[in-house]
Every structure is written in structure tokens, then in C-alpha cells.
Amino acid sequence: MSTVKAEERPLLAVLDYGIGNLHSAHKGFSHVGADTRLTADRGLINDACGVVLPGVGAFGPCMRALRAAGLDEVALDRIGAGVPFFGICIGMQMLFAGSAEAPEVEGLGVFAQTVQPLPDTVKRPQIQWNKLNVHKKHPMLNDLGDEAWVYFVHSYAPEVGEEVIATCDYGGPVTAAVARDNVWAAQFHPEKSGATGLRILSNFVAYASDAAKVAA
Amino acid sequence: MTVRAIRVIPCLDVDAGRVVKGVNFVDIRDAGDPVELAAAYDAQGADELVFLDITASSDQRDTTVQMARAVAEQVFIPFTIGGGIRTVDDARRLLMAGADKVSVMTAAIKRPVLVTEISREFGAQCCVVAIDARRVDGSDDAFEVYTHGGRTRTGIDALEWASEVQRLGAGEILLTSMDTDGTKDGFDIPLTSAVTAAVDIPVIASGGVGTLQHMVEGVIDGGADAVLAASIFHFGEHTVADAKRVLAANNVTVRPPN
């Protein structure tokens, strides 16, 4: 595992909107060398060279909590500013227009599609490791080897759209990762996907670190 | 198309935050250190880990929470902690410390709604129910739920209990045969297949693995979604990677070892 040097530890802000266990993503990014802060502090978030939006549980409660904390605006502001941004699991789903899980709750709308239930032909939730089928070459997926297996825990997933960079097979192709410009997102849990997942986190830290150097 | 990958899960017994019951394979400096052992099993290709907390004294339970935190800081695969979880608050402390799932057994038998409470609060994916079962004397298709390491009868039918915990909100069942546990004669296939047929949620088969072929039988004949073993891995007889190679050679889909 290549990690960045201590003196170069890039500051990552993991958005803290007060729900459940957001610590795992935080620990994973710290492990690959980022100076990671679980925070709702606007100043700290603005100083960060990368922003992470984690999420566990259900779309509705997560989205409401994000809005209640005012971090929906902050997330959109950072995305608009071109800051490297990574949404994980429900954090990914919140970047979409909305979810069938909570039709009355609007998503952030960064991606146009909506989040839909996994097909009823398969066990829901999907709780397992599954193989990524790579659709597009992308820095998120650098150096993952021939076969990348990652850990999924979800009952819903975004519709497969043009920004998809990887899917998995679960009752048909399921959106596993999307990316557009400075926004990366993963339906799976890179922070629970062993060495493959740590590589993905490390790829994001490298991207955030490089982007900060270019800006400076 | 659907990938259904069978998980291989080493199980570690912990007492007051230390791994006990002898783990002994190469390159381990401290056989009692849960973090080091978890990392070693991760490197072998373990898909998940189960820590079974056998701490007798409840005032030492904090050490288990500390252990969960330490493991989560260093090891990045899912892990479950079971043993002594009696309340939603017990579950919360372990999950907030970094455990991905908690496993309940005796407390769920005493108060079944605990399963619903944990599932509602944290999601079904966090809520494993452990079922220890023994055959009813002379029977090949009737099984009774036991507690206290197979010593205490409950009078509850294992298949009915499996269906009930699914209805209550369990995300997964950890099924141990107290007849085969420790025998190394293989899983109790009639029990395993009866439970996997009775429920839709994933079933982890446990108890009796002595050879890697036993794991294949648990999946193919028993219908298990995951296989759990302790001693076969702990004493270095086989690695998790060995187990996965044998499963794959028998056309069982697994996440390939690194």
C-alpha cells in the first residue's frame, strides 16, 4: 500500500451530519495517509482539498439529516467549486435526483438519474462481495488488478446512466461506481473492501492531493 | 446475471479483548492480539470475521468495545461481534466502535423483540441472530434450540425459530450444530439444509469443519451462503486461501484470494 508522506498529508473533510456510524470511511482514509476530519465546520470543509460524503441506513433519513445540518448546500458548493468529492453508499445515492425509497425527499441532483430498488428476482439487500465490471477507465479504479472485488450492503442503487464507470452483476447490471469531473461515487464500501478498497481510497487521496497542488 | 459469492469466515473467541483458544499460524508475534490476527486473516482472503466474546464478567465488556475500535482502525473488512449483547445500547456501542454487525442469541430467545429493535435502529444488515441447535433424540429432521454452549435446552424448534427471527428483522442467521461442533466430522447437513430452505435471509453454517471438502458440502448440500470455521484455520492446517481454492475448484463462486 503506497501512502503519501506525512508532511504531505492532505486534509480531507468527511461530512458529519450526525447519523450512525460514519467512522469507517474516516478510518479508511486516515489509514491511507490523509489528515481526515469528521466535521460539519464550514471553515474546515472549505480548507479541505477533498470532501467525502458517507452514508449508512436509508436515503430519506440521511437526506433529511444532511439538510438539517445545512451540509446539502455545503456539498453542492464544494462540488461547484471543483473540489474533489467522493460519495459513498447512501452518500452516493444522495448525489442523485431522488430515490424510490423516499419519493417525497429530493436528492442533491448532481446526477440526473434516480435511485431504484434492486430487482425483486434477487435477495435484498445485497450483502456480499461482488466483482466490479469496469465500463470506463477512471482514476478511481487505477491499479486494482485483473479482478476487483468489493463489499456491498444495499437494497437500492442508482439507475445505470452514462456516468457509470463500473457495475456489478446482481439481478442484472447494477451501478457500482459513477464519476463526472470532480465527483466520484461508489455504491459499495471501499472502507470495507480490504486491499482493493484501500487502493480506491488511496486513489482519491492522490487525486485530491494533486488537485490541491495544481490549485496552489 | 447475478453473482452469488460464498463467504469464508474465520471465527475468533475473545475474552476481555484477547483472542483465546490458541491460534497458531506462521508469522504471528502475538497470538492473542485480535488486530494482528484479523489482519492476517484479511491477508489470506477472509471475507469477514466473527469475534465471539466469551468474557464472563459484564464489567469487562468495555474491553470488547475497545477491541472493536482497534480492529476497525487497522482492518478493513467487515466484522461481527457476538456474545453478551443484551440491549440495543450494547449493540450501539459495538457498532459505533466500528463493528459492522452484532450477533445476538440468548437475549433474543428471552426477549425476541430485541431483534426487531436492533434491526429498526441500525438496519437488518447489522443484525445477525445466532442459533445453536441439536437434533431431537433419534430424529433426522427435528432440531431444538440450545443456549449456554449447547448445555441448556429451550424447548424451541430450530426451524420455527429461524423463520421467526427472519420475521422479526434478522439480516442473517449464524447456525451452529451443537452435535457436530468440535467433532471435525463436517457440518450437520440435514440441519443446515432445513434452515436454508426455511428462510430467505443468508445463513452462515458453523460447527464441525475438519476438512476443506466439508466447506464445499456445507454450500452445495447444505445451501449455506457462508461457511464459518475456527480450528481448521487457527492451527495453520489450512489457510482461507486454501479453502477458497477448493470451493472454486468445486464450482462455488468465491472472491479470489489476493
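Fair warning: this is a prediction, and the values are worked out from it, not measured in the lab.

A. Structural view of the overall build of chain A. On a plain count of helices and strands, chain A comes out with six helices and 13 strands. Taken over the C-alpha trace, chain A has a radius of gyration of 16 Å; the compact-globule value for 216 residues is 17 Å, and the two agree within 12%. Projected onto its principal axes, the C-alpha positions of chain A cover 50 × 40 × 30 Å. Sequence separation of 24 or more characterises 72% of the internal contacts of chain A that already satisfy a separation of 6 or more. Surface accessibility of chain A: about 8,000 Å² in total, with carbon and sulfur atoms responsible for 49%. Taking the 17 positively charged and 23 negatively charged side chains of chain A as two groups, their mean positions are separated by 4 Å.

B. Structural detail: the interface of chain A and chain B. Each side of the interface is counted separately: chain A has 25 residues, and chain B has 33 residues. When the buried area of chain A at its contact with chain B is split by residue, Lys 27, Trp 129 and Lys 192 of chain A rank highest and sum to 27% of it. Counting every contact that joins chain A to chain B gives two salt bridges. The partner of Asp 225 of chain B in a salt bridge is Lys 123 of chain A, and the shortest N-O contact between them spans 3.5 Å. Summed over the shared surface of chain A and chain B, the result is 13 residue pairs in polar contact (both at pLDDT 80 or more).

C. Representation of the pairing of strand E7 (residues 126–131) of chain A in the model. All names here are of chain A. Buried residues dominate E7, accounting for five of its six residues. Pairing between E7 and strand E9 (residues 149–154): six bridges, direction antiparallel. Its bridge partner being in E9, Trp 129 is matched across the sheet by Tyr 151.

D. Seen up close, the layout of surface pockets. One number sums up the size of the largest pocket: a volume of about 1,400 Å³. Contributing to the lining of the largest pocket are 47 residues, with Asp 13, Leu 52, Ile 54, Asp 132 and Gly 149 of chain B lying nearest its centre. Across the lining of the largest pocket, the residue classes tally to 18 nonpolar, 18 polar and eleven charged. If you add up the space inside the second largest pocket, you get close to 890 Å³. Contributing to the lining of the second largest pocket are 40 residues, with Val 56 and Gly 57 of chain A together with Phe 122, Gln 125 and Cys 126 of chain B lying nearest its centre. Among the elements of the structure, helix H1 (23–31), helix H3 (59–68), helix H5 (90–93) and E9 of chain A together with helix H3 (88–97) and helix H5 (113–122) of chain B are those that each provide at least two residues to the lining of the second largest pocket. Looking at the lining of the second largest pocket residue by residue, the classes come out as 23 nonpolar, ten polar and seven charged.

E. A look at the sheet that holds strand E5 (residues 96–99) of chain A. Residues and elements named next belong to chain A. The strand order E5-E6-E10 describes an open sheet built from three strands, whose pairing is mixed. Two strands close off the open sheet at either side, each with one partner strand: E5 and strand E10 (156–158). On average, adjacent strands in this sheet sit at an angle of 20° to one another, irrespective of strand direction. Alignment of strand E6 (residues 111–117) against E10, held across three bridges, turns out to be antiparallel. The residue bridging Pro 117 from the neighbouring strand is Tyr 156, located in E10.

F. Representation of the nonpolar core. Ranked by internal contacts, the top residues of the largest apolar core, which has 81 residues, are Phe 51, Phe 79, Ile 118, Ile 173 and Phe 233 of chain B. By size, the runner-up hydrophobic cluster in this structure holds 74 residues, among which are Phe 86, Leu 118 and Phe 188 of chain A together with Phe 76 of chain B.

G. Expanded view of the packing of aromatic side chains. Taken as a whole and assessed by the stated rule, the structure comprises twelve aromatic pairs over all chains. A ring pair is formed by Phe 152 of chain A and Phe 188 of chain A, whose centres lie 5.7 Å apart and whose planes are at 65°; its orientation type is edge-to-face. Of this pair, Phe 152 of chain A sits in strand E9 while Phe 188 of chain A sits in the loop between strand E13 (183–186) and helix H6 (194–215), placing them 36 residues apart in sequence. Neither residue differs from the other here; Phe 152 of chain A and Phe 188 of chain A are each classed as buried. Summarising the aromatic geometry, the rings of Phe 204 of chain A and Tyr 207 of chain A are spaced 6.3 Å apart at their centres and angled 65° between planes, so their arrangement reads as edge-to-face. With Phe 204 of chain A and Tyr 207 of chain A both in helix H6 and three residues apart, this pair spans about one turn of that helix. Classification of Tyr 207 of chain A as partly exposed rests on a relative accessible area of 24%. An aromatic cluster of at least three residues, connected via ring pairs, comprises Phe 29, Phe 86, Trp 184, Phe 204 and Tyr 207 of chain A. Arg 134 of chain B extends its terminal NZ or CZ atom over the ring of Tyr 146 of chain B, reaching a point 5.3 Å from the ring centre. Across from the ring centre of Trp 129 of chain A, 3.5 Å away, lies the NZ or CZ of Arg 255 of chain B, which sits over that ring.

H. Seen up close, the packing of helix H8 (residues 212–220) of chain B against helix H10 (residues 240–249) of chain B. All names here are of chain B. Look at H8 against H10: their axes get within 9 Å of each other, and the N-to-C directions meet at 50°. The angle between the axes of H8 and H10 places the two elements in the oblique class. Where H8 crosses over H10, the handedness of that crossing is right-handed. Residues Leu 212, Gln 213, Met 215, Val 216 and Val 219 of H8 touch H10, and the partners they reach there are Asp 242, Ala 243, Val 246 and Leu 247. For the contact of H8 with H10, the class distribution of residues is seven nonpolar, one polar and one charged.

I. Here's a closer look at the side chain of Asp 169 of chain A. Checked against the element boundaries, Asp 169 of chain A lands in strand E11 (residues 164–169). Salt bridges are absent for the buried Asp 169 of chain A, whose nearest opposite-charge side chain, Lys 131 of chain A, sits at 6.9 Å. A distance of 3.5 Å separates polar atoms of two side chains, one belonging to Asp 169 of chain A and the other to Asn 133 of chain A. With residues near it in sequence (within four places) discarded, Asp 169 of chain A still touches Asn 130 and Asn 133 of chain A together with Met 1, Thr 2 and Val 3 of chain B.

J. Structural detail: H10 of chain B. Looking at H10 of chain B, one finds that the buried residues are Val 240, Ala 241, Ala 243, Lys 244 and Leu 247 of chain B. Buried residues along H10 of chain B cover an arc of 155° about the axis, so they all sit on one side.

K. Broad picture of the environment of Asn 182 of chain A. Residue and element names in this part refer to chain A. Mapped onto the elements, Asn 182 comes out in the loop between strand E12 (173–180) and E13. Classification of Asn 182 by relative accessible area gives buried; the value is 10%. Counting along the chain gives 26 residues from Asn 182 to Ala 208, while the straight-line C-alpha distance between them is 9.3 Å. Among the polar contacts made by the side chain of Asn 182, one reaches the main-chain carbonyl oxygen of Ile 79 at a distance of 3.0 Å.

The rules we used
Numbering of residues starts from 1 in every chain and runs along the sequence as written. Lettering for chains starts from A, numbering for ligands starts from 1, and both go in the order in which the items are written. Thresholds applied to this predicted model are a pLDDT of at least 70 for local features of residues and 80 or more for the giving and counting of side-chain atom pairs; totals over whole chains, interfaces and linings are not thresholded and use all residues. With hydrogens and water set aside, each side-chain value is computed from the structure's full complement of heavy atoms. A run of H or I in DSSP becomes a helix once it reaches four residues, and a run of E becomes a strand once it reaches two; helices and strands are each numbered from the N terminus. Computation of the radius of gyration draws on C-alpha atoms alone. For the globule rule, the value is 2.2 Å times the number of residues to the power 0.38. Residue contacts are defined here by distance: any two heavy atoms, one from each residue, within 4.5 Å place the two residues in contact. Using a 1.4 Å probe, the Shrake-Rupley method yields the accessible areas, and only the shown protein chains count as cover for residues. Think of it this way: Lys and Arg go in the positive column, Asp and Glu in the negative one, and His and the chain ends go nowhere. Where a charge lies is defined by one atom per residue type, namely NZ (Lys), CZ (Arg), CG (Asp) and CD (Glu). Summed over both partners, the accessible area (1.4 Å probe) lost when two parts come together is defined as the buried area. When a carboxyl oxygen of Asp or Glu is within 4 Å of a side-chain nitrogen of Lys or Arg, the pair counts as a salt bridge. Here a polar contact means two N or O atoms within 3.5 Å. Within protein one must be a hydrogen donor candidate and the other an acceptor candidate, and residues neighboring in sequence count only if both atoms are side-chain atoms. Only protein chains enter the accessibility calculation, which uses a 1.4 Å probe. A residue is then buried if its area is under 20% of the maximum for its type, exposed if over 50%, and partly exposed in between. Strands qualify as paired when DSSP identifies two bridges or more between them. Method remark: on a 1 Å grid restricted to protein atoms, a set of points is classed as a cavity if a 1.4 Å probe fits but cannot get out and as a pocket if it is open with protein on both sides within 12 Å along at least five of seven lines; lining residues have an atom within 4 Å of a point. Grid points are joined across faces, edges and corners, and a volume is the space filled by probe spheres set on the points. Only Asp, Glu, Lys and Arg are considered charged, only Ala, Val, Leu, Ile, Met, Phe, Trp, Tyr, Cys and Pro nonpolar, and every remaining residue, Gly among them, polar. With axes taken as lines fitted to C-alpha atoms, and helix axes fitted only over the stretch in contact, angles between N-to-C directions fall between 0 and 180 degrees. In these notes, a set of buried Ala, Val, Leu, Ile, Met, Phe, Trp, Tyr and Cys residues joined through side-chain atoms within 4.5 Å is what counts as a nonpolar core. Ring pairs shown here join Phe, Tyr and Trp side chains whose ring centres sit within 6.5 Å, with only the six-membered ring taken for Trp; geometry is labelled stacked below 30 degrees between planes, edge-to-face above 60, and tilted in between. Our definition puts a charge over a ring when NZ of Lys or CZ of Arg is within 6 Å of the ring centre and also within 35 degrees of the ring normal. With respect to orientation, any angle under 35 degrees is reported as roughly parallel, any angle over 145 as roughly antiparallel, any angle of 65 to 115 as roughly perpendicular, and every other angle as oblique. Take the far helix as your reference; a near helix turned counterclockwise from it by less than a right angle gives a left-handed crossing, and one turned clockwise gives a right-handed crossing. The arc refers to the directions leading from the helix axis to the C-beta atoms.

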